[in-house]
Amino acid sequence: MDEANSAGGLTSGTGLGSCSLELPDSTSDEVAITAVLHAEGAYLVQQDIIALMQLWGANARIIDAKHTPTDATDDHTWQGREAIRVRYLHRVFPGHPARAEPADLAISITGQQAVVTATTSIGDEVSPAGDRWLLVKQDECWVLQELIFNLEGPTTGQNLR
């Protein structure tokens, strides 16, 4: 598969998570984590489902907090790689986002886990601190384990992710 990604110079390899990006062995954890999040945005825009799914762990999940971060009763969850794949194909790709870029990354690494809070811009919409990512380190590769989006209150923006 090793094909170059034209929208940012990313290369999709055969590993999972950060290892699928063919980063140098000397890459720091923070740089690898940042690269995974930027790759997720770039692959989303390119609608490259194969490369996207290489970023996610087997038991990963995505949760829509629906702009009520303190009330989990209204959350919608996509559990597992197949549910995440279907979500990208049927809910995200049809919107044809021209841009999906994480910014203002606050990365906290504890052992083999990293929590990242990010502001995400998808198209013209900005979600300040609206995304929280959980990545786990598996075989020296940082892999997406969870995304909770729409964590910002109802008046700050709408995240289409």
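Fair warning: this is a prediction, and the values are worked out from it, not measured in the lab.

Right, let's get into the state of the cysteines. Applying the stated criterion across every chain, the model contains one disulfide. Through a disulfide, cysteine 19 is tied to cysteine 141; the S-S separation comes to 1.8 Å. Because the torsion about its S-S bond is -90°, the bridge between cysteine 19 and cysteine 141 counts as left-handed. A residue pair is termed long-range when its members are at least 10 positions apart, and cysteine 19 in the loop between strand 2 (11–12) and helix 1 (29–46) and cysteine 141 in strand 8 (residues 141–149) qualify at 122 residues. With relative accessibility at 31%, the residue cysteine 19 sits in the partly exposed group. Since its relative accessible area comes to 9%, cysteine 141 is described here as buried.

This part is about the nonpolar core. Among the nonpolar cores identified, the biggest contains 33 residues, and Leu55, Trp56, Tyr88, Trp133, Leu135 and Leu144 are the most heavily contacted of them. Considering each element in turn, this core owes the most residues, eight residues, to helix 1.

With mixed pairing, the six strands of this open sheet are ordered in space as 4-3-8-7-6-5. Of all strands in the sheet, those with a lone pairing partner are strand 4 (76–79) and strand 5 (100–110), marking the two edges. Averaged over all pairs of adjacent strands, the angle between strand axes in this sheet comes to 20°, irrespective of strand direction. In this structure, strand 3 (residues 56–64) lies alongside strand 8, joined through five bridges in parallel fashion.

Sheet topology note: the strand 3/strand 4 ladder contains four bridges and is antiparallel. If you follow aspartate 64 over to strand 4, its bridge partner there is histidine 76.

Quick look at the side chain of glutamate 146 now. Looking at the element boundaries, glutamate 146 is found in strand 8. Residue classification places glutamate 146 among the buried positions, given a relative accessible area of 13%. One polar contact links glutamate 146 to arginine 61, side chain to side chain, over a distance of 2.5 Å. Excluding anything up to four places from it in sequence, glutamate 146 contacts Trp56, Arg61, Ile63, Arg132, Trp133 and Leu134.

Before going further, it helps to examine the pattern of salt bridges. For the coordinates displayed, the defined rule picks out five salt bridges. The partner of aspartate 29 in a salt bridge is lysine 137, with the nearest N and O atoms 2.9 Å apart. Of this pair, aspartate 29 sits in helix 1 while lysine 137 is found in strand 7 (residues 125–138), placing the two residues 108 residues apart along the sequence. Assessed through its relative accessible area of 18%, lysine 137 is described here as buried. Between glutamate 140 and lysine 137 there is a salt bridge, with the nearest N and O atoms lying 3.6 Å from each other.

Further remarks concern helix 3 (residues 81–92). Restricting attention to buried positions, one finds in helix 3 the residues Ile84, Arg87, Tyr88 and Val92. The arc that holds the buried residues of helix 3, viewed along the axis, is 95°, so those residues lie on one side. Turning to helix 3, the residues buried within the fold contact helix 1, helix 2 (49–54), strand 3, strand 4 and strand 8.

With respect to the helices and strands, leucine 16 occurs in the loop between strand 2 and helix 1. Linking leucine 16 and tryptophan 56, residues 40 residues apart in sequence, is a C-alpha distance of 7.3 Å. Residue contacts for leucine 16: discarding those within four places in its chain leaves Gln54, Trp56, Arg81, Cys141 and Val143.

Conventions used here
- Residues numbered from 1 in each chain as written.
- Predicted model: local features only at pLDDT ≥ 70, side-chain atom pairs only at ≥ 80, totals over all residues.
- Heavy atoms only, no water.
- Disulfide = S-S within 2.5 Å.
- Helix = DSSP H or I, 4+ residues; strand = E, 2+ residues; numbered from the N terminus.
- Buried < 20%, exposed > 50% of the residue type's maximum accessible area, 1.4 Å probe, protein only.
- Core = buried A, V, L, I, M, F, W, Y, C linked by side-chain atoms within 4.5 Å.
- Pairing = 2+ DSSP bridges.
- Axes fitted to C-alpha atoms, helices over the stretch in contact; angles between N-to-C directions.
- Polar contact = N/O pair within 3.5 Å; in protein donor to acceptor, adjacent residues only side chain to side chain.
- Contact = heavy atoms within 4.5 Å.
- Salt bridge = Lys/Arg side-chain N within 4 Å of Asp/Glu carboxyl O.
- Arc of directions from axis to C-beta.

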